[in-house]
Structures are given as structure tokens and as C-alpha cells.
Amino acid sequence: MPAEDTKQLCCTVKENMKKINTLLENFLNEYSVKHILDHSVDGDCNNEAYIRQFLSDLRHLSVACELGYERVSLVLRRAHFNPEFADKVLSEIMHTSIYKFYYPKNEVYEEDGRYSYTSFDAIKFRETPPKPLRELIIQLSKIFEVLRDELDYYETDYITRTTMRNMNP
């Protein structure tokens, strides 16, 4: 991929990571386990352990996304754009932030691939979470879907180039 395209991809990733970080930070600053349980309605999960696991996964995701944002910002701040460094950072974001969203440690939700390309939400929850948690994950899934689509193609290209480079020293 040409350096200018890589730089543009870095800009897109940075913008989306900023949106994700803002959503996560605002949510985590506003909601606690007690607040979520106190404001849940009938039909919502009142399982405190599940809510704790959910918030734990969100905190891990928040840290990974903040680090990803800092790294891609560093790539773009440098006086001379370094495509190799950008490749590495974009790959790290794919393997940390994006994978951490789609594969949360406590498996409080998962993606059902059968719904990925339909008008239905592809995220399926282990238990029915209270509305604020559900809305946050749906909002985040739309942003992560864009990032994953952009970086998935790029990641394949990056792995191919790295493999070819290692085969021909």
C-alpha cells in the first residue's frame, strides 16, 4: 500500500479511536455497578457478577483503545511519516483493540457472524444487559465494524509483505 494511503488510513483509525475512547470514558465515568443495578428495568439482567464482568471488559477495552490512539497519534505526529512504523502500529491496533472488542475476556457478549451483513445487530449478549450497557455496545460495534473492515484488508496485505520480506532477506 502506498505511504499516502497508509497515512490516510492512520488518520481514519485515529478519528475512530477518538470516538471510541470518548464513548468509553464517558460511560465508565458515569456508571457504576450499583448505578446500573439501581436503574435496571424488568427484563434486564440483575446479576451483579455479570455486570461486574461487563464493566471489567469495558475497562480493559478502554485501556487498549487509549494505547492504540496514542500509538497512531505518534505515527502521525512524526516529522517524517514512517510507513513501516505505521504498519506495525495498525497491526497492533487490530490485534489488541479490535480483537478485545469482539472477543471480551469474560465473554459477556459475542458477535454472531450470521447477522453481520444484515440490518440486525450482530452482537448477542450472554444475558440481557441493562439498557445503558446494551446501547453502548451497539454504538461501539458500529465504529469497530468500520475499523475492522478497513484494517482487515490492510492486515492481510501487511502480513503478506512481512512474510515476503522475511523470505527474501
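Here the structure is shown first, and the text comes after it.
Keep in mind it's a predicted model, so treat the numbers as computed, not measured.

What counts and what doesn't
- Residues numbered from 1 in each chain as written.
- Predicted model: local features only at pLDDT ≥ 70, side-chain atom pairs only at ≥ 80, totals over all residues.
- Heavy atoms only, no water.
- Axes fitted to C-alpha atoms, helices over the stretch in contact; angles between N-to-C directions.
- Helix = DSSP H or I, 4+ residues; strand = E, 2+ residues; numbered from the N terminus.
- Parallel < 35°, antiparallel > 145°, perpendicular 65-115°, else oblique.
- Left-handed = near helix turned anticlockwise from the far one by under 90°.
- Contact = heavy atoms within 4.5 Å.
- Nonpolar A, V, L, I, M, F, W, Y, C, P; charged D, E, K, R; others polar.
- Salt bridge = Lys/Arg side-chain N within 4 Å of Asp/Glu carboxyl O.
- Buried < 20%, exposed > 50% of the residue type's maximum accessible area, 1.4 Å probe, protein only.
- Expected span 1.5 Å × (residues − 1).

**Points about the packing of helix α3 (residues 48-77) against helix α4 (residues 83-102)**
Inference 1: In contact at an axis separation of 9 Å, α3 and α4 are set at 165° when each is read in the N-to-C sense. As far as their axial angle goes, α4 and α3 are roughly antiparallel. Crossing geometry of α3 relative to α4 is assigned as left-handed. Along the contact surface, α3 presents His60, Leu61, Ala64, Cys65, Gly68, Arg71, Val72, Leu74 and Val75, while α4 presents Phe85, Ala86, Val89, Leu90, Glu92, Ile93, Ser97, Lys100 and Phe101.
Inference 2: For the contact of α3 with α4, a count of residues per class yields twelve nonpolar, three polar and three charged.

**Some details on the pattern of salt bridges**
Inference 1: Taken as a whole and assessed by the stated rule, the structure comprises five salt bridges.
Inference 2: Where lysine 34 meets aspartate 38, a salt bridge forms, and the shortest distance between an N and an O atom there is 3.0 Å. Of this pair, lysine 34 and aspartate 38 both sit in helix α2 (residues 33-38), separated by four residues, roughly a single helical turn.
Inference 3: Classification of lysine 34 by relative accessible area gives exposed; the value is 59%.

**Considering helix α1 (residues 3-30)**
Inference 1: Taking 1.5 Å as the rise per residue, α1 with 28 residues should run 40 Å; its terminal C-alpha atoms sit 40 Å apart, in good agreement.
Inference 2: Residues of α1 that are buried: Thr6, Leu9, Cys10, Val13, Asn16, Met17, Ile20, Asn21, Leu24 and Phe27.

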